[in-house]
Amino acid sequence: MWIEITPVAKPRQTRSDVWKKRPCVVKYRQFADDLREAIGKAGFIVGNQLYMEFHIPMPKSWSKKKKAELIGSPHFQSTPDTDNLCKACLDALIEQDCRVWHLEAKKYWSEKGRIKIENK
């Protein structure tokens, strides 16, 4: 299932984030709420074997030529890390993410952000 949400990596949080409201934490919490809502509306039930595909939007500052070259290509050597994207999704969707025993994930450059989540 495709979810039209720009992926956000899970930030490292501290106790003070409860009242400090750092921008990265606020952005992550909004992402988690939006993801839960989208999954709920679709009626998708998260299993214990997952495939995730993250499409990361290209920066607006890039030239059209560079965007055309990289669209659909693997997103590597830059943040966000694939494991942090997976952690953000699992923490948002599953109360006990330890029940997921098989996880495959990829990330690609894209025109706009979206996430594909499937049970394996």
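Residues numbered from 1 in each chain as written. Predicted model: local features only at pLDDT ≥ 70, side-chain atom pairs only at ≥ 80, totals over all residues. Heavy atoms only, no water.

## Notes on the overall build of the protein
Then, in step 1: Across its full length, the protein holds 4 helices and 4 strands.
Then, in step 2: The helix and strand sequence of the protein, counted from the amino end, reads β-α-α-β-α-α-β-β.
Then, in step 3: A compact globule built from 120 residues should have a C-alpha radius of gyration of about 14 Å, and the protein, at 15 Å, falls within 12% of that.
Then, in step 4: In terms of overall dimensions, the protein has C-alpha extents of about 45 × 40 × 25 Å along its principal axes.
Then, in step 5: Here the protein holds 120 residues, and 36% of them are scored as buried.
Then, in step 6: Across the protein, the mean location of the 23 positive side-chain charges is 5 Å away from that of the 15 negative side-chain charges. (Helix = DSSP H or I, 4+ residues; strand = E, 2+ residues; numbered from the N terminus. Rg over C-alpha atoms; globule rule 2.2 N^0.38 Å. Buried < 20%, exposed > 50% of the residue type's maximum accessible area, 1.4 Å probe, protein only. Lys, Arg positive; Asp, Glu negative; His and termini not counted. Charge placed at Lys NZ, Arg CZ, Asp CG, Glu CD.)

## Notes on unusual backbone geometry
Then, in step 1: Omega for the peptide link from Thr79 to Pro80 comes to 5 degrees, which places this bond in the cis form.
Then, in step 2: Following the sequence through the fold, Pro80 ends up in the loop between α3 (64-70) and α4 (82-93).
Then, in step 3: Positive phi, close to 60 degrees, is recorded for Lys21, a residue that is not glycine.
Then, in step 4: The residue Lys21 is located in the loop between α1 (17-20) and α2 (23-42) in this model.

## Comments concerning the pattern of salt bridges
Then, in step 1: The final tally for this structure, using the stated rule, is 8 salt bridges.
Then, in step 2: The partner of Glu4 in a salt bridge is Lys112, with the nearest N and O atoms 3.3 Å apart. In this pair, Glu4 sits in the loop between β1 (2-3) and α1 while Lys112 sits in the loop between β3 (102-110) and β4 (114-119), placing the two residues 108 residues apart along the sequence.
Then, in step 3: A salt bridge links Lys116 to Glu118, with the shortest nitrogen-to-oxygen separation between them at 3.4 Å.
Then, in step 4: On the basis of relative accessibility, which here comes to 19%, the residue Lys116 falls in the buried class.
Then, in step 5: Three or more residues joined by partner-sharing salt bridges are found here, namely Lys10, Lys87, Asp91 and Asp97. (Salt bridge = Lys/Arg side-chain N within 4 Å of Asp/Glu carboxyl O.)

## A closer look at the sheet that holds strand β2 (residues 49-57)
Then, in step 1: Across the sheet, 4 strands lie side by side as β1-β4-β2-β3; this open sheet has mixed pairing. This sheet does not close on itself; its edge strands, each paired only once, are β1 and β3. (Pairing = 2+ DSSP bridges.)

## Topic: the nonpolar core
Then, in step 1: If you look at the biggest cluster of nonpolar residues, it comprises 27 residues, and the most contacted ones within it are Phe31, Leu35, Leu50, Met52, Phe54, Cys89 and Ile117.
Then, in step 2: Secondary-structure elements contributing two or more residues to this core are α2, β2, α4 and β4.
Then, in step 3: In terms of residues, this core owes the most to one element, α4, which gives 6 residues.
Then, in step 4: Setting aside residues no more than four positions away along its own chain, Ile117 makes contact with Met1, Ile3, Ile39, Phe44, Leu50, Tyr51, Met52 and Leu93. (Core = buried A, V, L, I, M, F, W, Y, C linked by side-chain atoms within 4.5 Å. Contact = heavy atoms within 4.5 Å.)

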